[in-house]
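As a plain string of letters, each chain reads:
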Amino acid sequence: MLFSRALIPTTKEAPADATNASHILLARAGYIRKVGAGIYDYLPLGYRVLRKIEGIVRAEMDRAGALEILMPALLPGEYFKETGRWDVYGPTLFRIKDRKGGDYHLGPTHEEIVTDIARREIRSYRELPKSLYQIQVKFRDEPRPRGGLLRCREFLMKDAYSFDADEEGARASYETMRKAYVSIFDRMGLRYRMVQADSGAIGGSTSAEFQVLVDSGEDAIVACGVCDYAANVEVATVKAKHDGAAAPTSEPVARVHTPGHGSIDEVTAFLGVPRTAMLKSLLYVAGEAVVMAVVRGDHDVNEVRLARTLGVDEVFLATEADVEKATGAKVGFAGPVGFKGRVVVDRAASLVGAGVTGANETDHHLKNVRFGRDFEGEVADIRLAATGDGCPSCEGGTLTSYRGIEAGHIFILGTRYSQAMGATYIDEKQQQRTLVMGCYGIGVSRLVATAIEQHHDDNGIAWPMSVAPYQVHLVTIGREESVLRAARELHDGLEAEGIEVLWDDRDERPGVKFKDADLIGVPLRATVGAKGLAGGNVEVKPRSEPDPKNAELVPVAGAVKVLADRVRAALQTGG
RNA sequence: CGGGGCGUAGCGCAGCCUGGUAGCGCACUCGGUUCGGGACCGAGGAGUCGGAGGUUCAAAUCCUCUCGCCCCGACCA
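Within any chain, residue numbers begin from 1 and follow the written order of that chain's sequence. Labels are handed out in written order, letters beginning with A for the chains and numbers beginning with 1 for the ligands. This being a predicted model, a pLDDT of at least 70 is required before a residue's local features are given, and a value of 80 or more before pairs of side-chain atoms are given or counted; all residues contribute to the totals for chains, interfaces and linings. Processing note: side-chain calculations cover all non-hydrogen atoms of the structure and skip hydrogens and water entirely.

J.: Explain the overall build of chain A here, please?
T.: Under the scheme used here, helices are H or I runs from DSSP no shorter than 4 residues and strands are E runs no shorter than 2 residues, and both carry numbers assigned from the N terminus. Scanning chain A from N- to C-terminus turns up 16 helices and 31 strands. By principal-axis analysis of the C-alpha atoms, chain A measures approximately 95 × 70 × 50 Å. Working definition: with a 1.4 Å probe on protein chains only, accessible area under 20% of the residue-type maximum means buried, over 50% means exposed, and in between means partly exposed. Residues classed as buried in chain A amount to 50% of the 575 residues present. Sequence-distant contacts, at least 24 apart, represent 69% of the contacts inside chain A between residues at least 6 apart. As presented, chain A carries roughly 25,700 Å² of accessible surface, and 50% of it is formed by carbon and sulfur atoms. Charge assignment: positive for Lys and Arg, negative for Asp and Glu; neither His nor the chain ends contribute. In plain terms, the charge of a residue is placed at NZ if it is Lys, CZ if Arg, CG if Asp and CD if Glu. With 71 positive and 80 negative side-chain charges, chain A shows a spacing of 2 Å between the two charge centroids. Whether two residues are in contact is decided by their heavy atoms, any of which lying within 4.5 Å being enough. Accessible areas in this description were obtained via Shrake-Rupley with a 1.4 Å probe; residue shielding takes into account the shown protein chains only.

This is the structure in structure tokens:
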């Protein structure tokens, strides 16, 4: 491809609304343009990358035996009404009325629609198992689209669904998909971790997320340094230790005046006690009830685990007014002693020997507070795991925190949708049984941005080979006949080898071309100029090498082979 | 949903407080000089000042309403 004939509108400055590295670079390098909040054009380079990722995903899905289909993006409301999600999904669903006033919506996910296919077309156990997938645009009216392609309102997703005769079959399908996902992320050259995850609103039992490790990621995960335990902090447990817990005190509870000192920091400073002696008491609204969660002062509440413990879908931090009503004191002075209501105590907090906590009276705290003597409550693991915590699944392992971007999520759904929609089959004994389902998503368009978050530097993008829009960026310096001829031969030779070449043939100064090449991020750069050509060479430099002086001199005659071999080698090793 | 902010040329911004000729940088066009890491000189083109209404002799600027967008938080297969 000739740069002069392409549409690659690079800019020096990024749009003011771009804050993530990937968003800034995608915009500056001319991959995408914003059309509306969370809605983007894919310009030629962006679309090439999207299709590369799509291609890898498709190949691995096919290899795993899944069958590609395409379901509508525009959906009649009846399907979501059938499973109750029309009401449950809330404002995130893009709802539409047709001219006759009928309810429609844009598909945010397709469990109902695929289950409808299954109930109509799958009759017998002989047809099982079956996995169907599609690569389709999805729509979610996100409360806050952000990060360019990281969180869009319209985005491209691969979603797959498995149908099995029983749980055991579903587990096998899940395992097949897990392996396919590993292949996909390996081929994309990403550093990632598969972690235990919350199944969330979609339901289901077993689930795992594929988290691409990026410091700027939205999700927090913890992983053990010894065994293979890794989990989203939402569901991570920790091994309770007695660290920082003093011996149980025999002193009686004492009321202390702490005027205006409501926060953990203020109270520890004012009373001169360590954070580990604080019993942090937070009020949550769970359904109709107001519940108190007690964790140690140096810990944070894990709201997902708290909700699971309480047996509700989700909990919300109580408002100031709720807190004052429930405790009779201003925020910052709540405590479990004498609290009238359900109290959940984190295991670590239950071991604090002489705790300091709110007195349920404004400007007062209590000290020498002990669980079991001074207050009661259910003990559960309800705190967020953090670096340094003990691994829950092995002896001696320690957890480390990472940030990640959720790029894939696999679930065993069970019969939630098949049951609700009557998707059944006839088994060997002529018995009608309910299909057992799994679902498996990959954020294809999100991966475009995710790959950049992990592969860029100050000058621009540095694509892994497998997803790069072109594989070789050919830069010509000057317009001498000899230069153009050598470049033409290199360009044509590479294309004949099936290598994707972008030839910057523009009448621009070298600096401009080099800056654009770094920005665009094609993994291999080949420079043809009079200087190198005088010695019969072209200069080859990988994008990952920052210093142009380290470019390698390759004889013109062998340059096609050298470059083609490098491209193929990179594709072999993943990235 | 709570808090904060922004809409002026394709992009980044100034001008608004204190009403009176719409400006700067980049990009773009033309001419010339340059040419291995975002050149220089000269000359140009390009803007319903987000929209509607109001105040005024006069509105980018003041007032009211409205639409869009961004940031932090909440939320999020």
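J.: Mind showing me how you'd approach the pairing of strand 29 (residues 524–528) here?
T.: Looking down a regular strand, the side chains alternate between one sheet face and the other. Here strand 29 lies mainly inside the structure; 5 of its 5 residues are buried. Here strand 29 shows no split at all, with Leu 524, Ala 526 and Val 528 on one side and Arg 525 and Thr 527 on the other all buried. Alignment of strand 27 (residues 472–476) against strand 29, held across 5 bridges, turns out to be parallel. Pairing of His 473 across the sheet is with Arg 525, part of strand 29. Strand pairing follows a simple DSSP-based rule, namely that at least 2 bridges must link the two strands. As judged from the 4 bridges shared by strand 29 and strand 30 (residues 537–542), these two strands associate in the antiparallel manner. Paired with Leu 524 across the strands is Pro 542, a residue of strand 30.

J.: I keep staring at the sheet that holds strand 20 (residues 378–380) and nothing clicks. Help me out?
T.: Adjacent strands of a sheet pair through backbone hydrogen bonds, lying either parallel or antiparallel. In space, the 5 strands of this open sheet follow the order 16-14-15-17-20, with mixed pairing throughout. Two strands lie at the open edges of the sheet, namely strand 16 (316–317) and strand 20, each paired on one side alone. The sheet contact formed by strand 17 (residues 343–346) and strand 20 spans 3 bridges and is parallel. Its bridge partner lying in strand 20, Val 345 is registered against Val 379.

J.: Teacher, can you tell me more about the nonpolar core here?
T.: One broad trend across soluble globular proteins is that nonpolar side chains are buried collectively. Nonpolar cores were defined as sets of buried Ala, Val, Leu, Ile, Met, Phe, Trp, Tyr and Cys residues, with membership established by side-chain atoms within 4.5 Å. By size, the foremost hydrophobic cluster in this structure holds 61 residues, and its most contacted members are Tyr 31, Ile 53, Met 61, Tyr 181, Phe 185 and Trp 463. Looking at this core, you find at least three residues from each of domain 1 (13–236 + 402–453) and domain 3 (463–573). Excluding residues within four positions of it along the chain, Ile 53 makes contact with Met 188, Val 444, Leu 447, Val 448 and Val 467. By size, the runner-up hydrophobic cluster in this structure holds 24 residues, among which are Leu 490, Leu 494, Val 540 and Ala 559. Domain extents, as shown, originate in an automatic or database domain assignment.

J.: Help me out: how do you make sense of the protein's contact with RNA strand B in this one?
T.: Near, as used in this document, describes a residue that has one of its heavy atoms within 4 Å of the molecule or strand being considered. In the vicinity of RNA strand B, 44 residues are found, and the nearest of them are Arg 140, Arg 151, Met 157, Asp 518 and Glu 539. Polar contact is the term for a pair of N or O atoms within 3.5 Å; when the atoms are in protein, one must be able to donate a hydrogen and the other to accept it, and sequence-neighboring residues count only if both atoms are side-chain atoms. Pro 108 has a polar backbone atom sitting 3.4 Å from a base nitrogen of RNA strand B. Elements supplying a minimum of two residues to the surface near RNA strand B: strand 8 (154–164), strand 21 (399–414), helix 14 (510–520) and helix 15 (530–534). With 8 residues, the single largest contributor to the surface near RNA strand B is helix 14. Within the surface near RNA strand B, the residues separate by chemical class into 18 nonpolar, 6 polar and 20 charged. Ten residues, namely Ala, Val, Leu, Ile, Met, Phe, Trp, Tyr, Cys and Pro, are considered nonpolar, four, namely Asp, Glu, Lys and Arg, are considered charged, and the remaining ones, Gly among them, are considered polar.

J.: Help me out: how do you make sense of the packing of aromatic side chains in this one?
T.: For any pair of aromatic rings, geometry is given as the distance between the ring centres together with the angle between the planes. Any pair of Phe, Tyr and Trp rings, taking the six-membered ring for Trp, is counted once the centres come within 6.5 Å. Such a pair is stacked with planes under 30 degrees apart, edge-to-face with planes over 60 apart, and tilted for the rest. Scanning the entire structure with this criterion turns up 8 aromatic pairs. Measuring from centroid to centroid gives 5.4 Å for Phe 371 and Phe 375, while their planes differ by 70°, and the two rings are edge-to-face. Here the aromatic residues Tyr 181, Phe 185, Tyr 192 and Phe 210 are joined through ring pairs into a cluster of three or more. Across the ring face of Trp 86, the terminal group of Lys 81 is positioned such that the distance to the ring centre comes to 5.1 Å. For a Lys NZ or an Arg CZ to count as sitting over a ring, it must be within 6 Å of the ring centre and within 35 degrees of the ring normal. Directly above the aromatic system of Phe 3 lies the positively charged group of Arg 506, at a separation of 3.8 Å from the ring centroid.

J.: It is not clear to me how the confidence of the model for chain A should be interpreted in this structure. Could you clarify?
T.: Interpreting fine coordinate detail is not advised for predicted regions of low pLDDT. Here pLDDT means the predictor's own confidence in every residue, given as a number from 0 to 100. The pLDDT averaged across chain A works out to 92; a share of 97% of its residues lies at or above 70. The complex prediction reports pTM at 0.93, with the ipTM value standing at 0.94.

J.: It is not clear to me how the sheet that holds strand 5 (residues 95–97) should be interpreted in this structure. Could you clarify?
T.: The strand order across the open sheet built from 3 strands is 4-6-5, with neighbouring strands paired in antiparallel fashion. In this open sheet, the two edge strands, each paired with only one partner strand, are strand 4 (74–76) and strand 5. Strand-to-strand, the axes of this sheet are offset by a mean angle of 35°, without reference to chain direction. In terms of strand pairing, strand 4 meets strand 6 (residues 103–106) through 3 bridges, oriented antiparallel. Axis lines are fitted through C-alpha atoms, for helices just across the contact stretch, and the angle between N-to-C directions can take any value from 0 to 180 degrees.

J.: Before we go on, may I ask you to explain the environment of Val 560 in this structure?
T.: Looking at where Val 560 falls in the secondary structure, it is placed in helix 16 (residues 559–573). Separated by 143 residues in sequence, Val 560 and Tyr 417 have C-alpha atoms that sit 54 Å apart.

J.: Honestly, the side chain of His 105 in this entry has me stumped. Any pointers?
T.: Position of His 105 relative to the elements: it lies in strand 6. Residues within four places of His 105 in sequence aside, it is in contact with Ala 73, Leu 74, Leu 75, Pro 76, Gly 77, Phe 80, Trp 86, Leu 93, Phe 94, Arg 95 and Ile 96.

J.: Would you explain the pairing of strand 11 (residues 219–224) in this entry?
T.: Counting buried positions along strand 11 gives 5 out of 6 residues, so the element sits mostly inside the fold. As judged from the 6 bridges shared by strand 11 and strand 21, these two strands associate in the antiparallel manner. Its bridge partner lying in strand 21, Ile 221 is registered against Tyr 402. Relative to strand 12 (residues 230–232), strand 11 runs antiparallel, the two being bridged by 3 bridges. From the neighbouring strand, Ile 221 faces strand 12, where its bridge partner is Asn 232. Hairpin connection from strand 11 to strand 12: 5 residues lie between these consecutive antiparallel strands.

J.: What's the story with the pattern of salt bridges in this structure? I'm lost.
T.: Where charged atoms from two side chains of opposite charge approach closely, those side chains can pair. One speaks of a salt bridge when a side-chain nitrogen belonging to Lys or Arg is within 4 Å of a carboxyl oxygen belonging to Asp or Glu. Scanning the entire structure with this criterion turns up 42 salt bridges. Across the pair Arg 120 and Asp 116 runs a salt bridge, and its minimum N-O distance is 3.0 Å. Taken together, the residues span about one helical turn, with Arg 120 and Asp 116 both in helix 5 (residues 111–121) at a distance of 4 residues. Arg 120 gets classed as partly exposed once you look at its relative accessible area, which sits at 45%. Look at Asp 116 and you get buried, because its relative accessible area is 5%. One salt bridge in this structure joins Glu 167 and Arg 171, with 3.7 Å as the shortest N-O distance. Of this pair, Glu 167 and Arg 171 both sit in helix 6 (residues 167–187), 4 residues apart, which is roughly one turn of that helix. Of the residues examined, Arg 171 reaches a relative accessible area of 47% and is grouped as partly exposed.

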